Amino acid sequence: MKKVVLVYSGGLDTSVCIPLMREEYGYDHVVTVTIDVGQPEEDICEAEQKARALGTEHYTVPAKEEFAREYCFAAVRANGDYEGYPLSTAIARPLIAAKAVEVAKQVGATAFAHGCTGKGNDQFRIEFTIRALMPDATIHAPIRERNLTRSWEFEYARSRGVPISQSVDKIWSIDENLWGRSVEGGRLEEPDYAPPEEIYRWTRNPLDAPDVPRELKLEFEEGVPVRVDGEPLSPAELIAKLNRVAGENGVGRIDMMEDRMLGLKVRENYECPAAVTILTAHRALEALVLTREELRFKAIVDAEWAQLAYHGLWFHPLKEDLEAFIAQTQRRVTGAVWLRLYKGCLQVVGRSSPWALYSEELASFDTTAFDQRESTGMVKIFGLQAQMYHALRSRME
Ligand code: ARG
């Protein structure tokens, strides 16, 4: 019996893959796998129902805590940011693909299918992960391979009795997980079109946000957040809580142009209230405890990390190498950050750490602990080569 594991979201693209696998690719047994990375419960239920209706062997794999702990928090430690995008969709793809590989091993399959189009980043992320974890895998990408269009898919779905939840006028293409929500499509494709209020689900319009600022204390241990306002929470709980609190205050909306892997520039809208809040606090704490040389070098390492994460090269050896450096720096990123959230603004208003390199004693204007006279020689030869250049220039002229 020919078996294929379909990475399944329940959306139109992946749903049409089910009859396509049977009719066009010759698989008599389709196994669908939906991974719970914190997308809405309804989406997961809908995927289960559709899978049942279409007669697949279906698995829902819970992975929210693992996603939060191993993926979102890895991004926190690396200040994960690509062109201003907190990488929410990007970092979920390797986990989704890895779980699909686990299921494949369980059911004895080596063939996979996914519903990615040929234009986006997800085809790279998913296929690389599968090949890295199962070198002999066969991977089918019907939408890309057959150059299918949305309207063809609608027609085909209708003719094959595939339940369609999206109507043609459901214009936004949405991807959600614990780390963020991304919205594309429709008129948002016009870079000069202001996003309408209806695209937002997680964040309140700053105009309607509470009139009193929300003060928040976020505590970190070794680079990851562990307590909110003194309350210890699991990684997934903590992220969910901050999505709520920051979202209520209108924090976390991002409207940007993004350079996709294939070179396409796309307009993206994100809601990432927890990610934006945690990343801001994490940077504030690093600024307190790391030396300036570490900060400067870590910015380079972080940028490389973000590039790998964006490309879905989660299982690349360079990522492990970078993370070894990152882990070494994060041993001291322990402490508290106080934040103020108010009508879409997020402000760091305090930070403290047992590892703080800051000394009030030394930095204060009103101290004798730092003998100013010691600086004289250092100031005098500061920029020595440039001083010499200017001396030479005035002599030549
Ligand atoms: N551009 C982002 C990325 O490549 C997110 C894409 C999300 N997809 C969507 N249908 N909104 O990571």
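Presented here is a report on the structure given in the accompanying data block. (Residues numbered from 1 in each chain as written. Predicted model: local features only at pLDDT ≥ 70, side-chain atom pairs only at ≥ 80, totals over all residues. Heavy atoms only, no water.)

1. Let's talk about the site of the ligand
Around the ligand, the neighbouring residues are Tyr-85, Thr-89, Ala-90, Asn-121, Arg-125, Ser-173, Asp-175, Ser-182, Glu-184, Glu-258, Glu-268 and Tyr-270. Contact distances for the ligand include 2.8 Å between a nitrogen atom and a side-chain N or O atom of Glu-258. Interatomic distance of 3.3 Å between a side-chain N/O atom of Tyr-270 and a nitrogen atom of the ligand. Summarising the interface, the protein chains cover 92% of the accessible area of the ligand, which totals 350 Å² for the free molecule. Secondary structure elements with two or more residues in the shell around the ligand: α4 (88–107), β6 (173–177), β7 (180–184) and β12 (265–271). Partitioning the shell around the ligand into residue classes produces 3 nonpolar, 4 polar and 5 charged. (Near = heavy atom within 4 Å. Polar contact = N/O pair within 3.5 Å; in protein donor to acceptor, adjacent residues only side chain to side chain. Areas by Shrake-Rupley, 256 points an atom, 1.4 Å probe, with all protein chains shown as cover. Helix = DSSP H or I, 4+ residues; strand = E, 2+ residues; numbered from the N terminus. Nonpolar A, V, L, I, M, F, W, Y, C, P; charged D, E, K, R; others polar.)

2. Thoughts on helix α7 (residues 150–159)
Those residues of α7 not exposed but buried are Glu-153, Phe-154, Tyr-156 and Ala-157. Looking at the buried positions of α7, the neighbouring elements they touch are α1 (12–23) and α6 (142–145). Positive phi shows up at Gly-161, right after α7, with a value of about 70 degrees. (Buried < 20%, exposed > 50% of the residue type's maximum accessible area, 1.4 Å probe, protein only. Contact = heavy atoms within 4.5 Å.)

3. Structural notes on helix α9 (residues 273–289)
Since the α-helix packs 3.6 residues into each turn, any two residues three or four apart lie on the same face. The terminal C-alpha atoms of α9, which comprises 17 residues, lie 25 Å apart, in line with the 24 Å expected from a rise of 1.5 Å per residue. For α9, a buried count of 13 out of 17 residues is recorded, marking the element as mostly surrounded by other parts of the structure. (Expected span 1.5 Å × (residues − 1).)

4. With respect to the sheet that holds strand β9 (residues 224–228)
Judged by pairing direction, the sheet is antiparallel, and its 5 strands sit side by side in the order β10-β9-β8-β13-β14 without closing on themselves. Two strands lie at the open edges of the sheet, namely β10 (231–232) and β14 (345–352), each paired on one side alone. In terms of strand pairing, strand β13 (residues 335–342) meets β14 through 7 bridges, oriented antiparallel. In the strand pairing of β14, Trp-338 is matched with Gly-350. Along the sheet, helix α8 (residues 235–248) makes contact with β8 (214–221), β9, β10 and β13, crossing β9 at roughly 65 degrees. Its contacts with the sheet place α9 against β8, β9, β13 and β14, and it is angled at close to 35 degrees to β14. (Pairing = 2+ DSSP bridges. Axes fitted to C-alpha atoms, helices over the stretch in contact; angles between N-to-C directions.)

5. Here we look at the environment of His-390
By the secondary structure assignment, His-390 is in helix α14 (residues 384–396). As a C-alpha pair, His-390 and Leu-238 span 152 residues in sequence and 56 Å in three-dimensional space.

6. Some words on the packing of aromatic side chains
Per the stated rule, a full pass over the model turns up 8 aromatic pairs. Aromatic side chains Trp-152 and Tyr-156 sit 4.8 Å apart centroid to centroid with 15 degrees between the ring planes, which places their arrangement in the stacked category. One end of the pair is Trp-152 and the other is Tyr-156, both in helix α7 and 4 residues apart, which spans about a single turn. The buried category is assigned to Tyr-156, whose relative accessible area is 6%. (Phe/Tyr/Trp six-rings, centres within 6.5 Å; stacked < 30°, edge-to-face > 60°.)

7. Let's talk about the nonpolar core
Counting 81 residues, the largest nonpolar core has Phe-67, Leu-87, Ile-91, Phe-112, Trp-179 and Trp-305 as its most contacted members. Setting aside residues no more than four positions away along its own chain, Ile-91 makes contact with Phe-67, Tyr-71, Cys-72, Ala-75, Trp-179, Ala-309 and Trp-314. Ranked by size, the runner-up nonpolar core spans 23 residues in total, among them Leu-6, Ile-18, Tyr-27 and Val-162. (Core = buried A, V, L, I, M, F, W, Y, C linked by side-chain atoms within 4.5 Å.)

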